[in-house]
Amino acid sequence: MSECQEFRGQMLHAVRDRLPAELSARFAKHRETCTECRAIFEREQALEQALEKRSTYAMPNALRERLTANATPANTANAKPKPKRDLRRTLLYVAPSAAALVLVLFLAHLWANPNQELVSEAVNDHLRVIYAEHPIEIASGGIHQVKPWFTGRLDFAPQVSFSGDDEFPLEGGAIALFVDRKAATFVFKHKLHTISLFVFRSDGLSFPLRSNASIGALPATASHLRGFNTLVWRDGDLGYALVSDVDPNELVRLGLKINAR
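Residues numbered from 1 in each chain as written. Predicted model: local features only at pLDDT ≥ 70, side-chain atom pairs only at ≥ 80, totals over all residues. Heavy atoms only, no water.

J.: So what's going on with the pairing of strand 7 (residues 228–235)? Residues and values would help.
T.: Counted residue by residue, strand 7 has six buried out of eight residues, so it is predominantly covered. Pairing of strand 6 (residues 218–225) with strand 7, which is carried by six bridges, proceeds in the antiparallel orientation. By the bridge assignment for strand 7, Thr221 is matched with Val232. As consecutive antiparallel partners, strand 6 and strand 7 are separated by two residues, and within that stretch Arg226 has a phi angle of approximately 55°, a positive value. (Buried < 20%, exposed > 50% of the residue type's maximum accessible area, 1.4 Å probe, protein only. Helix = DSSP H or I, 4+ residues; strand = E, 2+ residues; numbered from the N terminus. Pairing = 2+ DSSP bridges.)

J.: Quick rundown of the state of the cysteines? Include the residues and the values.
T.: Inspection of the entire model under this criterion finds zero disulfides. Not engaged in a disulfide, the cysteine Cys37 finds its nearest cysteine sulfur in Cys34; these two sulfurs lie 3.5 Å apart. (Disulfide = S-S within 2.5 Å.)

J.: Provide a residue-level description of the environment of Ala157, including the pertinent values.
T.: Looking at the secondary structure, you find Ala157 in the loop between helix 8 (143–149) and strand 2 (170–178). C-alpha separation for the pair Ala157 and Arg201, spaced 44 residues apart in sequence, amounts to 9.6 Å.

J.: Report on the sheet that holds strand 5 (residues 213–215), specifying residues and quantitative values.
T.: The pairing of strands in a sheet happens through backbone hydrogen bonds and is either parallel or antiparallel. Overall, antiparallel pairing links the eight strands, which are arranged 1-2-3-4-8-7-6-5 in an open sheet. Here the strands that pair on one side only, and so sit at the sheet edges, are strand 1 (138–139) and strand 5. Relative to strand 8 (residues 238–244), strand 7 runs antiparallel, the two sharing seven bridges. Of the residues in strand 8, the one forming a bridge with Asp235 is Leu238. Sheet strands touched by helix 7 (residues 117–131): strand 2, strand 3 (181–190), strand 4 (193–201), strand 6, strand 7 and strand 8. Its angle to strand 4, the strand with the most contacts, is close to 125°. Sheet contacts for helix 9 (residues 248–259): strand 3, strand 4, strand 5, strand 6, strand 7 and strand 8; angle to strand 7, the most-contacted strand, approximately 25°. (Contact = heavy atoms within 4.5 Å. Axes fitted to C-alpha atoms, helices over the stretch in contact; angles between N-to-C directions.)

J.: Describe unusual backbone geometry, naming the residues involved and giving the relevant values.
T.: Note: most peptide bonds trans; most residues except glycine with negative phi. Located in the positive-phi region is Val179, a residue other than glycine, with phi close to 60°. Mapped onto the elements, Val179 comes out in the loop between strand 2 and strand 3. One non-glycine residue with positive phi stands out, namely Arg226, at about 55°. Looking at the secondary structure, you find Arg226 in the loop between strand 6 and strand 7. Since its relative accessible area comes to 41%, Arg226 is described here as partly exposed.

J.: Quick rundown of the pairing of strand 2? Include the residues and the values.
T.: Burial runs high along strand 2: seven of the nine residues are buried. With two bridges joining them, strand 1 and strand 2 adopt antiparallel strand pairing. Its bridge partner lying in strand 2, Ala139 is registered against Gly172. Two elements, strand 2 and strand 3, share eight bridges in a ladder whose sense is antiparallel. Directly across from Phe178, in strand 3, lies its bridge partner Arg181.

J.: Give a description of the pattern of salt bridges that names residues and reports values.
T.: If you walk through the whole model with that rule in mind, you get 11 salt bridges. In this structure, Asp125 engages Arg128 in a salt bridge whose closest nitrogen and oxygen atoms are separated by 2.2 Å. Residue Asp125 and its partner Arg128 are both found in helix 7; the two are separated by three residues, about one turn of the helix. The class for Asp125 is buried, based on a relative accessible area of 2%. Asp203 is the partner of Arg201 in a salt bridge, and the nearest nitrogen-oxygen pair spans 2.9 Å. Using a relative accessible area of 23% as the deciding quantity, one classes Arg201 as partly exposed. Members of the salt-bridge network, linked through shared partners, are Asp155, Asp180, Arg181, Arg201 and Asp203. (Salt bridge = Lys/Arg side-chain N within 4 Å of Asp/Glu carboxyl O.)

Okay, structure coming up:
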């Protein structure tokens, strides 16, 4: 394991000042010479500081009382037990229907609440871009300047050919940590809005089950989380996530331009 891999596995502990003194000193020394680890540390630190400023709200007393009442076991002291024979007969008929109902409810839950792991990760990474002091590590001179910069910094080649245009100018790129792997970050603008595109290896990741949008011929999942619109899709062995507070239709339009070959 390289020194970079070792420290990036401990990044969150470093940001929260939970590393042993000796390891913390080594990490600080490493950041002095490794610009990538320093940039990732600064983004994580900025996000932590931003999250600490979020407002918190207490649970309303009425809701707490209702939940407590629902969780209280019913009084069954005076209930008359039914004969075991009747109970077995009841279970014989009810069990299949109950199992079917549980399955239907489970599938309905999946449909209404697509897997949010990648969506949440994309929003968090977008916040890192927004709050970082230096979110861009390579300024844009067009996609043919930004893409080669990732060579040797990633274990894959990001398949992006869109150089930006007057409507969606490309600001630049950076390295990100997406779940448990490195990702390429492309930063676009739309008027005053920042749009982050994350490109990452798709193997081993759980993508949303529901497809409610499309990027050309590719199925995609559009979601709204914590005030941000997201668009997640997969193309072969690469995954893509677009995040911004722009209108969802604008995000799809950018996605179509990115996916154009």
